[in-house]
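Structural characterization, general
Below are the chains, spelled out letter by letter.
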Amino acid sequence: MKKQIVSKHKSYKFSSENIKKDIMRNKELYLIMIPVIIFYFVFSYLPMYGIIIAFQDYTPAKGFMGSEFVGLKHFIDFMTGNSFLKLLRNTLRISCANIIFGFPMPIILALLINEVRNKRFKGIVQTCTYLPHFISIVVVAGMIKDFTVSTGLINDIIAFFGGERVTMLAETKYFTPIYVISGIWQEAGWNTIIYLAALTAIDKALYEAATIDGAGEMRKMWHITLPAILPTIVILLIMKIGSMLNVGYEKIILLYNASTRDVADVISTYVYRRGLQERSWSFSTAVGLFNSVINVTLLILSNKISKMINGSGLW
Amino acid sequence: MNERFKNLRKKCIAVIAIAAIIASGSGCGKKETAEIVKREGKATYPVEAETTLTYWCPLPASLADKVKDFGETEFAKELEKRTGIKVKYIHPVAGQESEALNLFIASGEMPDIIQTNWLGQTGGPQSFIDDDVIIELNDIMEKNLTHLPAYLKENPDLDRMIKTDEGKYYCFPAIVSDELLMTTNGFMIRNDWLKKVSMDVPQTIDDWYEVLTAFKNKLGVESPLSLMASQISNFAGAYGVSNTFYMDDGKVKLGPAEDGYKQYLMTMKKWYDEGLLDKDFAVMDIKQYNYNILSERSGATHGAGGGQLGYFLNAFKDSGSSFDIKAAPYPVLKEGDPIEFGAKRSKYNSSASAAITTSCKDPVLAAWWLDYSYSLEGHMLNNFGVEGEDYEMIDGYPTYTEKITNNPDGLSIIQAMSMNIRANNSFPIIQDKRYIEQYYELPQQLEALEIWQNDSELHAIPPVTYTSEESSEYASLKTEIDAFIETNTLNFILGKRSFKEWDKYIAELENLNYKRVIEIIETAIDRYSSR
């Protein structure tokens, strides 16, 4: 065990001598790492040379070398275009709503599940909340449509209480709520797994000590459980903020229609339409790159803020 | 010394490995320059050939749960036997055709033959020839083909439609050979309900309003008219406009920028407000609107003569119900007005054009295989199947046998047709009207073909092609305009936007520069006319 700790030591220097020693000592670990490194190299780093087409007027016939270099033209086109502000606004709105309402849900659910003492009941609850995660998004969108039409279940309930029936997916004001709530329904249970794992790592002795000191369930949750899983929460939150502009296009495309497009069209659906349906390769690559740059910036920023506030972050 | 050598060897291996990875990665985007097989002269079927061609086309929906690919159908086997050419069929996932196609093009590894709407793709056919995606067929047409060139010689109007401005042939076209086959979509309305309220089939917009109101008030029908958002515009024709760009007296106009469009929207809004038009039309899909008719929630809709009219009637055939639905003509404003708008296909059905790609190593063989469809034998096979099995000649009229009309294996007529012929699906063949006369088994369906007749070709924009520069400008402008119109059309009808804002709407539309699009289309039409 001692050998492996060497690499964490502060005075460790990246000399070739040291690296060699380390490799010799931890051969097996390095061996295990090789497939992972190859995977990232082949599938994440190699394709990066394709980014070059964002600065070209690319056509497959001319290839990467032959296509004309146009600099920032596509970026300028996008940012001065009619849809830019609308897309950015929609992306941020849907994303923020997702984080504000969707992010705390699995934490709350995990805390609740953690409090359940009956093992059988706990198992049933967990299985039931995981299940929606495995339903294909196409099927989920179909269900949402059927539930929200003017003769659907939700409208039946509204009408029962004397409300007026509306086609909810045709109303701009309902689009974000429908998107976010159905997302919570589908993913909250699944996302509790990581928190539940963190919860099992808490030392039982802490709870016992607190009980002796006379703390109630709420106090124990507030002072023991939450602080224990806080690092996990922070890491997941940073990652979530880092992918803020990545709103999944599949669900949006399945749910939107002409009357809600003004609030539903996001950057990823736009990239999909322009790139895959209209063959504007360069333009959509430029938009995608813009997206990634913002994401990385957000990631770095949120990590900095997290470090400043509670001294821990992703790196 | 030994140690050093070992080091060197290790370094060498590392360098080679990295080089290999990079080389394999960067190879992806490039095309292989394969040997092209040269063939001389014209075909005598069956041709002797080793090569298996690959053919990319959508799988007909009626076959989706019957076969894995089109090659398993009896038709494909017969075609292979007659032409002697082996073909492997590849199908995209339904609904993702254009994505799949664009991925092929980006990867540079394409099937030998691609069947798609080349005219409708961004850039148009000429750009695909310029970008080395598909090959121009002029040379092959002249030297190696018999049947398609002969057909084009007899039909010079068609000849003009399937060329680019530069005179390049790019595809083997799907041809609609008769007026009767051109309009297979239209309005339909419950005939038994019309009798109950003692009214006639509606002709004018006012008739429609009265009939729908009567359905609602006298018969208590919940939502008399069920239409999908995309179908509503079939009422716009009554006001002399279309929902997109169209021709009027030799000029190109944009329907939604005209006053007629406002009148049309106001009518639709009224119908929507009064509950005549289904409340869910904005999100309606085909499943739901079929359900609305079958569950008698609605009594009128717009759809296909086979897929809807025939389907509805057959669903109630043996139930003893009084259900009866019949075709209604495209509406006009005043009685006796000419019907100048409606869903009508042109003689060249561009949606199923087969082009040979630059990946094809044996283009002449592919052309021979495609050309067979335009021969007399091929034509009969495409439309009627094998004589003696699928059809019999009775008094010179090819009549389907029971194998098609009352299949012993329990296939419906549409499935039996899809297995044995190609005329009922989109393929690069010549459609024969004698096929539809028998496919539409019911009198209501045959009558519909007459009732739906219209002169919408008066307002149709010819199958023009754009230059590369025009095309990208056209595409980006038109995408924005289409989205804007679609959204605002719904907003006006749903009442989210008031008609007081009409002038503002027109100004916004002008801001999207639709006049430039009109210019582009008009220049393209000029070139088309001078082909």
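Everything quoted here is computed from the prediction, not taken from an experiment.

This paragraph deals with the overall build of chain B. Counting its secondary structure elements, chain B contains 22 helices and 13 strands. Overall, the C-alpha framework of chain B stretches about 100 × 65 × 55 Å when taken along its three principal axes. Taking all 531 residues of chain B together, the buried fraction comes to 42%. Within chain B, contacts between residues separated by at least 24 positions form 77% of all contacts whose residues are at least 6 apart in sequence.

A separate point is the domain arrangement of chain B. All names here are of chain B. Partitioning chain B into structural domains gives domain 1 (52-177 + 349-431) and domain 2 (185-343 + 456-529). Spacing between the C-alpha centres of domain 1 and domain 2 amounts to 31 Å. Taken together, the contact pairs 13 residues of domain 1 with 8 residues of domain 2. The element contributing the most residues to the side of domain 1 that touches domain 2 is helix α4 (residues 124-130), with 5 residues. Split into classes, the residues belonging to the side of domain 1 that touches domain 2 amount to 4 nonpolar, 7 polar and 2 charged.

Residue and element names in this part refer to chain B. Grouped together as the largest cluster of nonpolar side chains are 154 residues, with contacts concentrated most on I113, M268 and A366. Of the residues forming this core, the biggest block, 7 residues, is contributed by helix α14 (residues 363-371). Setting aside its immediate chain neighbours within four residues, M268 contacts I232, F235, L277 and I493. The next biggest cluster of nonpolar side chains, apart from the first, holds 12 residues, and it includes I485, Y514, V517 and I520.

What follows covers the sheet that holds strand β10 (residues 348-356) of chain B. One open sheet accounts for 6 strands, arranged β2-β1-β3-β10-β4-β13 (chain B); its pairing is mixed. Whereas interior strands pair on both sides, the edge strands pair on one side only; in this sheet they are β2 (86-90) and β13 (430-431) of chain B.

Further remarks concern the domain arrangement of chain A. Buried accessible area, meaning the area lost when the parts come together, often serves as the stated size of an interface. Residue and element names in this part refer to chain A. Looking at the assigned domains, one finds that chain A contains domain 1 (1-71) and domain 2 (72-310). One C-alpha centre belongs to domain 1, the other to domain 2, and the line joining them spans 31 Å. Residue-level contacts link 8 residues of domain 1 with 8 residues of domain 2. Among the residues making up the side of domain 1 that touches domain 2, the classes are represented as 5 nonpolar, 2 polar and 1 charged.

With respect to the secondary-structure elements, E437 of chain B resides in helix α18 (residues 433-439). Placed 257 residues apart in sequence, E437 of chain B and L180 of chain B show a C-alpha to C-alpha distance of 9.0 Å.

This part covers the packing of helix α13 (residues 305-315) of chain B against helix α19 (residues 443-451) of chain B. All names here are of chain B. Remark: α13 packs on α19, axes separated minimally by 9 Å, with the N-to-C direction vectors making an angle of 145°. Considering the relative orientation of α13 and α19, their crossing is right-handed. Between α13 and α19, the contacting residues are G305, L309, G310 and L313 on the first element and Q444, Q445, A448 and L449 on the second. Classifying every residue of the contact of α13 with α19 by side-chain character gives 4 nonpolar, 4 polar and no charged.

Next up on the list: unusual backbone geometry. Residue and element names in this part refer to chain B. Looking along the chain, the bond that leaves Y45 and enters P46 is cis, with omega of -5°. Residue placement: P46 occurs in the loop between α1 (2-26) and β1 (52-56). Its identity is not glycine, yet E296 carries a phi of approximately 60°, on the positive side. Topologically, E296 is positioned in the loop between α12 (286-294) and β8 (300-304).

With that settled, the discussion passes to the pairing of β2 of chain B. All names here are of chain B. By the bridge criterion, 5 bridges tie β1 to β2 in an arrangement that is parallel. Of the residues in β2, the one forming a bridge with L53 is V87. In this region the chain leaves β1, passes through helix α2 (residues 74-83) and returns to the parallel neighbour β2; the handedness of that crossover is right-handed.

Now for the packing of helix α20 (residues 468-494) of chain B against helix α22 (residues 514-529) of chain B. Residues and elements named next belong to chain B. In the contact formed by α20 and α22, the axes pass within 10 Å of each other and the chain directions differ by 135°. Taken together, the axes of α20 and α22 lie oblique to each other. As for the relative orientation of α20 and α22, their crossing is left-handed in sense. Here E470, E473, Y474, L477, K478 and I481 of α20 lie close against α22, whose contacting residues are Y514, R516, V517, I520 and A524. Classifying every residue of the contact of α20 with α22 by side-chain character gives 7 nonpolar, no polar and 4 charged.

Looking now at the sheet that holds strand β5 (residues 185-190) of chain B. Residue and element names in this part refer to chain B. In space, the 3 strands of this open sheet follow the order β8-β5-β9, with antiparallel pairing throughout. Edge positions in the sheet fall to β8 and β9 (325-328), since each of these pairs with one other strand and no more. Direction aside, neighbouring strands of the sheet carry axes that sit 40° apart on average. For β5 and β9, the ladder comprises 4 bridges, and the chain directions are antiparallel. When the sheet's bridge partners are listed, R190 is paired in β9 with I325. Relative to β8, α13 is tilted by about 125°, and along the sheet it contacts β5, β8 and β9.

Every contact between the two is made by 24 residues of chain A and, on the other side, 27 residues of chain B. Listed by contribution, the elements that provide at least two residues to the side of chain A that touches chain B are α4 (63-66), α15 (261-264) and α16 (267-277) of chain A.

Reading guide: rules and limits
- Residues numbered from 1 in each chain as written.
- Chains lettered and ligands numbered in written order.
- Predicted model: local features only at pLDDT ≥ 70, side-chain atom pairs only at ≥ 80, totals over all residues.
- Helix = DSSP H or I, 4+ residues; strand = E, 2+ residues; numbered from the N terminus.
- Buried ≥ 20, exposed ≤ 12 C-beta atoms within 10 Å, placed from the backbone.
- Contact = placed C-beta atoms within 7 Å.
- Domains from an automatic or database assignment.
- Nonpolar A, V, L, I, M, F, W, Y, C, P; charged D, E, K, R; others polar.
- Core = buried A, V, L, I, M, F, W, Y, C linked by C-beta atoms within 7 Å.
- Pairing = 2+ DSSP bridges.
- Axes fitted to C-alpha atoms, helices over the stretch in contact; angles between N-to-C directions.
- Left-handed = near helix turned anticlockwise from the far one by under 90°.
- Right-handed = clockwise from strand over helix to strand, strands pointing away.
- Parallel < 35°, antiparallel > 145°, perpendicular 65-115°, else oblique.

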